Amino acid sequence: MVKKYYRSKVDWWVYATAVFTVASCMLVPILSKEDYRHAIILSTVFVGFEIFVFASIRYAIRGNELGVRMFYKWQWFPIDKIAEIKKVTSFLSTAALSAHRVSIKFSDRKILKSVSPMEISPKDRDKFIDDLLTINPKITLIK
């Protein structure tokens, strides 16, 4: 079975987070005129962790399943249970690195164990939506 992968769109705030982390770690040595080595090591570890977390967010379509990967774990959702898709701009905490997202509602609440829709941010939203509609033409596209 062929998988089609999609990268997450990355907004400016992801880069700002890394800059803020380095600035926060370097602030104490700069103000107290202490040794910078510990701050450099600490900021490298924190930024490395942020890169790992941010780079791990991916999406995939495998047959009739939509996959969302965050950290090291994939979660798979049935595409035939998607009821509606909508392009949204949101800052909710979710597996997305951009505010420009795709909101996905499922017909069965048991899939997400929540009433809230799943929000993800594929780099090419239009292509991603077209691929989902090709698999399940019953999906309602809300403009």
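Before reading further, recall that the structure is shown in the block above.
Rules and cut-offs
- Numbers given for residues are sequential positions, taken from 1 along each chain in its written order.
- For this predicted model, a pLDDT threshold of at least 70 governs which residues receive local features, and a threshold of 80 or more governs which side-chain atom pairs are given and counted, while totals over whole chains, interfaces and linings are taken from all residues.
- Think of the side-chain values as coming from all heavy atoms in the structure, minus any hydrogens and water.
- Here, patches come from residues exposed beyond 30% relative accessible area and free of salt bridges, joined within 9 Å for like charges and within 5 Å for nonpolar side chains (Val, Leu, Ile, Met, Phe, Trp, Tyr).
- Throughout, the Shrake-Rupley method with a 1.4 Å probe supplies accessible areas, and for residues the shown protein chains are the sole cover considered.
- Think of a salt bridge as a Lys or Arg side-chain nitrogen and an Asp or Glu carboxyl oxygen that are within 4 Å of each other.
- Counting from the N terminus, the helices are DSSP H or I runs at least four residues long and the strands are E runs at least two residues long.
- Here the term buried applies to any residue with accessible area under 20% of the maximum for its type, exposed to any over 50%, and partly exposed to those in between, with areas from a 1.4 Å probe on protein chains only.
- Note on terminology: a nonpolar core comprises buried Ala, Val, Leu, Ile, Met, Phe, Trp, Tyr and Cys residues joined through side-chain atoms within 4.5 Å.

Peer 1: When you look at a nonpolar patch on the surface in this model, what are you seeing that I'm missing?
Peer 2: Together, Leu-27, Ile-30, Leu-31, Tyr-36 and Ile-40 line one region of the surface with nonpolar side chains, adding up to about 510 Å² of accessible area. Counting residues per element, the nonpolar patch draws most heavily on helix 1 (residues 12-32), at three residues. Tracing the backbone shows Tyr-36 in the loop between helix 1 and helix 2 (37-55). Overall, the relative accessible area of 39% leaves Tyr-36 in the partly exposed class.

Peer 1: Sorry if this is basic, but what is going on with the nonpolar core here?
Peer 2: Soluble globular proteins tend to bury their nonpolar side chains together. The biggest cluster of nonpolar side chains holds 24 residues, and the ones touching the most others in it are Ile-82, Ile-104, Met-118, Phe-128 and Leu-132. At the level of secondary structure, the elements contributing two or more residues to this core comprise strand 2 (58-62), strand 3 (65-70), strand 5 (82-89), strand 6 (100-106), strand 7 (118-120) and helix 3 (125-135).

Just distances and angles here, no functional claims.
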